[in-house]
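Breakdown of the fold
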Amino acid sequence: MNNEMEELNGIAWRDVLMNTVIGFVCIIGVMALMITMKAKAEQEGAIPPGNLIVHAVWPSGDTDIDLWVNGPGEPVPVGYSNKGGLLWNLLRDDLGIQPDATDINYEDAATRGVIGGEYTINVHCYRCPTLPQKVDLEASINTGEPGKASLKVLATTHVTLVSAGQEATGMNFILREDGTIEPNSLNQVFRPLRSGKK
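Summarised in this report is the structure supplied together with it. Predicted, not measured: the structure shown is a model, and the values here were computed from it. (Residues numbered from 1 in each chain as written. Predicted model: local features only at pLDDT ≥ 70, side-chain atom pairs only at ≥ 80, totals over all residues. Heavy atoms only, no water.)

1. With respect to the sheet that holds strand β5 (residues 117-127)
A sheet is described by the order of its strands in space; here three strands give the open sequence β2-β5-β8, paired in antiparallel fashion. Sheet topology places β2 (64-70) and β8 (167-175) at the edges, where each strand pairs with a single neighbour. Taking the axes of each pair of neighbouring strands and ignoring which way they run, one obtains an average angle of 15 degrees across the sheet. Two strands pair when backbone bridges link them, and β2 and β5 are joined in this way by seven bridges, in the antiparallel orientation. Bridging from a neighbouring strand, isoleucine 65 pairs with cysteine 125 of β5. (Pairing = 2+ DSSP bridges. Helix = DSSP H or I, 4+ residues; strand = E, 2+ residues; numbered from the N terminus. Axes fitted to C-alpha atoms, helices over the stretch in contact; angles between N-to-C directions.)

Listed below in structure tokens is the structure:
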């Protein structure tokens with residue numbers, strides 16, 4: 001009886017040892033695969049989240065500024081209360097410092113596709129305890145060129161918000177089908193978008 005128990009204990013010990021070795025081999029295999037995939041992604045460059053991408057950045061602090069965007073075929077402008085439309089998606093709705101892991105204040109929006117037509121990019125001072133607030137804006141296009149920096153800056157500008165609740169237009173432009181801006185179409189003529197309807 002004791003010999004049988006010792007034999008069973010020996011078998012159980014070998015099974016546990018073999019399962020542990022197999023587990024370590026699997027973990028090492030998965031890590032090697034992840035390292036290879038990361039290296040490949042770094043060589044190819046990061047893939048931008050959309051085709052036309054807009055960034056709004058403002059100084060650190062508990063300030064909530066909202067990005068509003070509109071473009072051809074968009075039935076309702078896209079912003080914090082309508083985060084996704086036919087063309088645009090709001091990728092980040094920054095609320096200031098609540099909740100936020102960094103001091104950087106920014107919002108991003110991106111389109112699905114390059115559609116020719118008129119685009120409007122606005123910012124809105126939702127909660128601005130300190131005024132004035134300077135907001136930097138950048139519009140970039142994903143060129144889709146493999147192996148190269150695929151984002152090409154189309155336009156940069158800034159807007160200074162001077163009152164709580166103020167909405168201001170940072171950019172109006174006409175985008176061509178080839179992803180370039182129509183000459184002389186870039187302007188900052190105010191067009192309200194917040195909670196707007198076409």
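Alright, that's what it looks like, and here's the rest.
2. Let's talk about the sheet that holds strand β7 (residues 151-161)
Sheet architecture is open: five strands sit in the order β3-β4-β1-β6-β7, paired in antiparallel fashion. Looking at the sheet topology across the chains shown, the edges are occupied by β3 (88-92) and β7. Direction aside, the axes of adjacent strands within the sheet are offset by 20 degrees on average. For strand β1 (residues 52-58) and strand β6 (residues 133-142), the ladder comprises six bridges, and the chain directions are antiparallel. For histidine 55, the partnering residue across the bridge sits in β6 and is glutamate 138.

3. Comments concerning the pairing of strand β4 (residues 105-111)
Summarising burial for β4: six of the seven residues are buried, a large majority. Bridge analysis of β1 against β4 gives six bridges, and the strand direction is antiparallel. Note on β4: the bridge partner recorded for isoleucine 53 is alanine 110. Both β3 and β4 contribute to a ladder of four bridges, which runs antiparallel. Bridged to leucine 90 within β4 is alanine 109. (Buried < 20%, exposed > 50% of the residue type's maximum accessible area, 1.4 Å probe, protein only.)

4. Some thoughts on the side chain of asparagine 172
One can find asparagine 172 in strand β8. Asparagine 172 gets classed as buried once you look at its relative accessible area, which sits at 0%. A polar contact of 2.8 Å, which involves the side chain of asparagine 172, links it to the side chain of threonine 120. If we skip the residues at most four places from it in the chain, asparagine 172 touches Tyr119, Thr120, Ser185, Leu186, Asn187, Gln188, Val189 and Arg191. (Polar contact = N/O pair within 3.5 Å; in protein donor to acceptor, adjacent residues only side chain to side chain. Contact = heavy atoms within 4.5 Å.)

5. Some details on the pattern of salt bridges
On inspection of all chains with the given rule, the structure shows six salt bridges. Its salt-bridge partner being lysine 83, residue aspartate 93 comes within 3.9 Å of it at the nearest N-O pair. Placement of aspartate 93 in the loop between β3 and β4 and of lysine 83 in the loop between β2 and β3 is noted, with a sequence separation of ten residues between them. For arginine 191, the salt bridge is made with glutamate 118, and the minimal N-O distance between the two is 2.2 Å. (Salt bridge = Lys/Arg side-chain N within 4 Å of Asp/Glu carboxyl O.)

6. What to know about the environment of glutamine 98
You can see glutamine 98 is positioned in the loop between β3 and β4. A residue is classified by how much of its surface remains accessible, and glutamine 98, at 44% relative accessible area, is partly exposed. Separated by 34 residues in sequence, glutamine 98 and aspartate 64 have C-alpha atoms that sit 9.4 Å apart.

7. Here's the deal with the packing of aromatic side chains
Enumeration over the complete set of coordinates arrives at four aromatic pairs. Judged by centre distance (6.1 Å) and plane angle (80 degrees), the ring pair of tryptophan 88 and tyrosine 119 falls under edge-to-face. One end of the pair, tryptophan 88, is in strand β3; the other, tyrosine 119, is in strand β5, with 31 residues separating them in the sequence. Comparing tryptophan 88 with tyrosine 119, the two get one shared label, buried. Taking the centre distance of 5.6 Å and the plane angle of 15 degrees together, the rings of tyrosine 119 and phenylalanine 173 count as stacked. Within this pair, whereas tyrosine 119 is found in strand β5, its partner phenylalanine 173 is found in strand β8, the two being separated by 54 residues in sequence. Across this residue pair, the class does not change: tyrosine 119 and phenylalanine 173 are buried. Members of the aromatic cluster, connected to one another through ring pairs, are Trp68, Tyr80 and Tyr126. Just above the ring of tyrosine 106 sits the side chain of arginine 92; from NZ or CZ to the centre is 4.5 Å. (Phe/Tyr/Trp six-rings, centres within 6.5 Å; stacked < 30°, edge-to-face > 60°. Lys NZ or Arg CZ within 6 Å of the ring centre and 35° of its normal.)

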